[in-house]
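# Reading the structure
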Amino acid sequence: MEKTFNPAQAEASIYEAWESSGAFQPKDDPNAQPFSIVIPPPNVTGRLHIGHALNDTLQDVLVRYKRMLGCSVLWQPGTDHAGIATQMVVERQLAAEGNVSRREMGREAFLKRVWEWKEESGGQIQQQIRRLGASCDWSRERFTLDDGLSEAVLKVFVELYEQDLIYRGKRLVNWDPKFETAISDLEVENVEVDGHMWHFKYPLADGKTYTYVEKDADGNVVLEEERDYISIATTRPETMLGDGAVAVHPDDERYASIVGALCEIPVGPKEHRRLIPIITDEYPDPDFGSGAVKITGAHDFNDYEVAKRNNIPLYRLMDMQAAMRSDGAPYAECAARAMAIARGGDVPGEAEVDAINLVPEEYRGLDRFEARKRVVEAITAEGLAVTVKDDEGNDIPLVENKKIQQPFGDRSHVVIEPMLTDQWFVKADVLAKEAIAAVEDGRTTFHPKNWEKTYFEWMRNIQPWCVSRQLWWGHRIPAWYGPKRIEVDGELDWLATPEGRWEEVFVAQSEEDALEKIREHYYPLMREGYELKIFSSREEAQREYFDKDSDDAICIVRDEDVLDTWFSSALWPFSTLGWPEDTKELERFYPTSVLVTAFDIIFFWVARMMMQGLHFMKDENGQSQVPFKDVYIHALVRDEKGQKMSKSKGNVIDPLELIDEYGADAVRFSLAAQAGQGRDIRMSKERVEGYRNFGTKLWNAARFCEMNECRPVAGFDPKSVEQTVNKWILSEAARAVEAINAGLDGYRFNEAAAAAYKFVWNVFCDWHLEFAKPLFNGDDEAAKAETRATTAYVLDQALKMLHPFMPFVTEALWQETGTRDTQLIVADWPVLEGLDDAAATAEMGWLIDLITDIRRLRAEMNVPAGAQVPLIAVGASAETQARLERHEALIKRMARLADIGVSDSVPPASAQTVLGEATLALPLEGVIDFAAERERLSREVTKLDGEIGRLEKKLGNEKFVANAPADVVAEQREKLADYSTQKAKLAEALERLQEA
């Protein structure tokens, strides 16, 4: 064997051997228990980060474990087309090359360019996942835009539409003004920024006044004055132009007398000031600010809900780039229409309201933030800002400087605007019912179980799911639009005005199916000679037909939007297995066994897979089938101080760099060993280095076994061994396997890893190999042969136990340490039943405790390493004396003892410890300087007292505990606990010296 294992040289060839052998593919055995996992598909633009590394490591641990147990294992890999991220990458490339823009290229040419990028550069992450050792079945790799998955997506969309579970409507969405598309909540980062809260007066209409009264908690009047306005506060003054109402809480007595009255929005041309009603709603908090809230339903998610509940019109103020609208009729005309709506109380249809542009001419076309500045200036100049006294007694506008949460696009890095747009929505509340029931009745279980509460909370309050995106890269929505057929004077006619050109919707899986529906629908016109024209966009239709004043054709346009990436990902557990075809993989591996994922996509992915899987997948009895039986939610990977990793902090850990430096096994074991349920992982190079050393320890142990001729023996029966040390190590191996099984079966990866680590390092390497040395070197040939065979057998079991966690080094050792029929990856998992020997375990446990105690005594008493001292056992029973005699040579060698004796009394100047009924004494007269040792230990105790006092004082400071970062407080508490433990040990040693 080589002296060391070199991951950089070995890992690639080992992985190639696995993959080329077909080891990653499911076992072709109908009697084998199926086990399947679908990988959370990483973005095709992605690069392996530490979260991926954790997620893929845990999946691979399960997959390798189940494969060795004899299951037919499918780990389904694939990547996500990542609509907005991929489109952004290619658009940046075009810009860097000085080429034309996406829109100048046209849709077809641009998509061709994206596919070229995908084939050349996309999917880099798959190679990086391989470097981690992930044993996916790459022969079945899927892509969310491949032909099969596209067919599944279109089928699902059409069926949900036909079942009235998908519809097109106007709702508020997260709008990215840079990319000009709706985005999901997951793509929004809420960032704390410095902001302002402006306070303004909304004058009451028609000269109305009221008595405004404020009271303290005891009901005493603290302020009473006549007011002709209602005060509101806002962080976004530019949206005041679109206010539809002012809301107060129904129990707020201050405003009871003016509920139902109208108030004036204090901005815009004075002669066209809009009036809006004062309403009641549960949303306003009477104790926050003035208790009155402006309702701008088209630009705020909370306001939107209030507006919908109270039939308040939704006026859109901005265009798709978040500039103030410049389209539509003059402001005077639009304001008059809005005034009529406010006074009349009847809200017209969405199309008419959306056409009303309530941006005054002086603000039209301005950037939203420039408009904000000018609105504030105008209101302040008019004297309608709420004022307070400054230090000199002057009235100044009330503007609070405060931290606010502002939404940013995670890729565009611009402020996201809540925007009222036409989008496609899924009725998620309907689909959620069965998905809720499936978790309630245990068909699917979350691990840890507390995540079920998070799942239920969201699912029971679920909103319509916006599934359309204004992009080109993705599954194009299979919808076509044409003119609406209406009835005029009792006869059919066709509405082809600009507002009605695209009101008729045709949804079909293919253009051929759509054309069939379209021809049938427009048959009366086609019979009269009208031609059917199909356009790829409304812009093309306008340019090629309407601008030419043609009226001899029925114009049909394809929906230009694509589906949200999460829509295709929601089908992942069954679409990747071949659905909608009835494939053998679908029959065998659906429902999948477990999903391993992160908590932050429970809503965006887990819940949606549950909804779609249960809706579309039925068993032979027509019963809905869950997509997975278990959901394991892993924690976050943080830095060594417990802080969340971020580029701005400079604490991001790159798993590929760690693999380069320490090897994949060390990275994997470091992640798995810390993957306790409900606990975040603290990652550091030092920790990874420590597990690299563990791999080195294993390699050295195998080399020691080779040097001592420990090779696997054909037909070796572990139940036949006679030596106590061999019975003991086999018993310990059986217990380790049992603990690992329990850990992995219960998704307690840290417990499984700890059991493997403890057995291999502490039990096998540190103790068994030391205990075996005398037998290897002794004259008893039978004992020597048995110990060699046992040691080789246990090493094999250790390699198997460790393989799911450290696959590369264990596979290399498997090939080095014997002649094998199979690779380790497909070897049988250890089954070590009937090997538990209580007597051997008790005896060897006693021996380990004895040697450990003596070593500890020597260290605490500062006995020189080379000093050989006697051991005196006082009060030892016959059994203890027999054990001391049996293991005398081993104890003397491992504890560095000159002699072992028994006595009725403790010799003077002895260090002592108790083991069972016996007192173990080490006479130290002349070995150490007792006075010097007492002085040394006293100094150490005094030093620790100072550190403990300092930390206790700091942690006793409430301000420090409340204001310091949580990781800093935790670090100080850990130090205090460590110092206290050290002090206790030193005090015990000092006490021994005092007695001596």
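The structure contained in this document is the topic of the report that follows. (Residues numbered from 1 in each chain as written. Predicted model: local features only at pLDDT ≥ 70, side-chain atom pairs only at ≥ 80, totals over all residues. Heavy atoms only, no water.)

## What about empty space enclosed by the protein?
Let me state the cut-off plainly: Cavities and pockets are found on a 1 Å grid laid over the protein atoms alone: a cavity is a set of points where a 1.4 Å probe fits but cannot escape, a pocket is an open set with protein on both sides within 12 Å along at least five of seven lines, and a lining residue has an atom within 4 Å of such a point. Grid points are joined across faces, edges and corners, and a volume is the space filled by probe spheres set on the points. Where helices and strands are cited, they refer to DSSP runs of H or I of at least four residues and of E of at least two residues respectively, numbered from the N terminus. Residue polarity is assigned by list, with Asp, Glu, Lys and Arg as charged and Ala, Val, Leu, Ile, Met, Phe, Trp, Tyr, Cys and Pro as nonpolar; anything else, Gly included, falls into the polar class.
On inspection of all chains with the given rule, the structure shows one cavity of 30 Å³ or more. As a volume, the largest cavity reaches approximately 30 Å³. Broken down by secondary-structure element, the contributors of at least two residues to the lining of the largest cavity are strand 7 (188-203) and helix 11 (368-381). Element by element, the count of residues in the lining of the largest cavity is highest for strand 7, at three residues. Its residues assigned to classes, the lining of the largest cavity shows eight nonpolar, two polar and no charged.

## Overview of the sheet that holds strand 5 (residues 166-176)
As a reminder of what qualifies: DSSP calls a pair of strands paired once it identifies at least 2 bridges connecting them. Whether two residues are in contact is decided by their heavy atoms, any of which lying within 4.5 Å being enough. Where helices are involved, their axes are fitted lines through C-alpha atoms of the stretch in contact, as for all axes, and angles between N-to-C directions lie from 0 to 180°.
Across the sheet, which stays open at both edges, the four strands sit in the order 6-5-18-20 with antiparallel pairing between neighbours. Two strands in the sheet have a free side with no partner beyond their single neighbour: strand 6 (181-183) and strand 20 (465-466). As paired strands, strand 18 (residues 417-426) and strand 20 are joined by two bridges and run antiparallel to one another. Across the sheet, Phe 425 pairs through a bridge with Cys 466, a residue of strand 20. Along the sheet face, helix 8 (residues 301-309) touches strand 5 and strand 18 and points at about 145 degrees away from the line of strand 5.

## Thoughts on the side chain of Glu 843
This is how the line gets drawn: Three exposure classes are used, based on accessible area relative to the maximum for each residue type with a 1.4 Å probe and protein chains only: buried under 20%, partly exposed in between, and exposed over 50%.
Within the element layout of this structure, Glu 843 appears in helix 28 (residues 838-860). The exposure class assigned to Glu 843 is buried, which follows from its relative accessible area of 11%. Contact partners of Glu 843, with chain neighbours within four places excluded, come to Thr 724, Arg 883, Arg 886 and His 887.

## A look at the nonpolar core
Rules: Nine residue types can take part in a nonpolar core, namely buried Ala, Val, Leu, Ile, Met, Phe, Trp, Tyr and Cys, and a core is a set of them joined through side-chain atoms within 4.5 Å.
Among the nonpolar cores identified, the biggest contains 143 residues, and Met 683, Trp 728, Phe 759, Phe 764 and Phe 771 are the most heavily contacted of them. Among the nonpolar cores identified, the runner-up in size contains 69 residues, and Ala 432, Phe 446, Ile 477 and Cys 555 belong to it.

## A look at the pattern of salt bridges
Definition in use: Salt bridges are defined by distance alone: a side-chain nitrogen of Lys or Arg within 4 Å of a carboxyl oxygen of Asp or Glu.
Overall, the coordinates contain 63 salt bridges when judged by the stated rule. A salt bridge links Arg 368 to Glu 417; the nearest nitrogen and oxygen atoms lie 3.0 Å apart. Here Arg 368, found in helix 11, pairs with Glu 417, found in strand 18; they are 49 residues apart in sequence, far enough to count as distant. Residue Arg 368 shares its accessibility class with Glu 417, and that shared class is buried. We note a salt bridge from Asp 441 to Arg 443, for which the minimum N-O separation is 3.0 Å. For Asp 441, a relative accessible area of 48% translates into the label partly exposed. Using a relative accessible area of 28% as the deciding quantity, one classes Arg 443 as partly exposed. The network of salt bridges with shared partners includes Arg 236, Glu 238, Arg 368, Arg 372 and Glu 417.

## Observations regarding the packing of aromatic side chains
Short version of the rule: Aromatic contacts are taken between Phe, Tyr and Trp rings whose centres are within 6.5 Å, Trp giving its six-membered ring; a plane angle under 30 degrees counts as stacked, one over 60 as edge-to-face, and the others as tilted. Throughout this description, the term charge over a ring refers to an Arg CZ or Lys NZ atom that lies within 6 Å of the ring centre and within 35 degrees of the ring normal.
Counted according to the given criterion, the structure contains 43 aromatic pairs. Ring plane angle 90 degrees and centroid distance 6.2 Å describe the contact between Phe 574 and Tyr 590, whose orientation is recorded as edge-to-face. Here Phe 574, found in helix 18 (residues 572-575), pairs with Tyr 590, found in the loop between helix 19 (584-589) and strand 29 (592-598); they are 16 residues apart in sequence, far enough to count as distant. Residue Phe 574 shares its accessibility class with Tyr 590, and that shared class is buried. Each residue in the set Phe 669, Tyr 691, Phe 694, Tyr 757, Trp 761 and Phe 805 is aromatic and connected to the rest through ring pairs, giving one cluster. The side chain of Arg 130 reaches across the aromatic face of Trp 138, ending 4.0 Å from its centre. Over the face of the ring belonging to Tyr 229 we find Lys 201, whose NZ or CZ atom lies 4.8 Å from the ring centre.

## Considerations on unusual backbone geometry
Of the consecutive residues His 447 and Pro 448, the connecting peptide bond is found in the cis state with omega at -5 degrees. Of note, the bond from Tyr 590 into Pro 591 is cis; its omega dihedral lies within 30 degrees of zero at 0 degrees. Topologically, Pro 591 is positioned in the loop between helix 19 and strand 29. A positive phi is found at Glu 709, a non-glycine position, where the angle reads about 60 degrees. With respect to the helices and strands, Glu 709 occurs in the loop between helix 23 (685-707) and helix 24 (724-745). We classify Glu 709 as exposed; its relative accessible area is 52%. A positive phi angle, near 60 degrees, is found at Tyr 747, a position not held by glycine. Owing to a relative accessible area of 8%, Tyr 747 belongs among the buried residues under this scheme.

## Comments concerning helix 2 (residues 50-68)
Rules: Multiplying 1.5 Å by the residue count of a helix minus one yields the expected span of that helix.
Between its terminal C-alpha atoms helix 2 stretches 27 Å, which fits the 27 Å expected from 19 residues at 1.5 Å a residue. At the C-terminal side of helix 2, Gly 70 shows a positive phi close to 100 degrees.

Geometric values such as these leave the question of function open.
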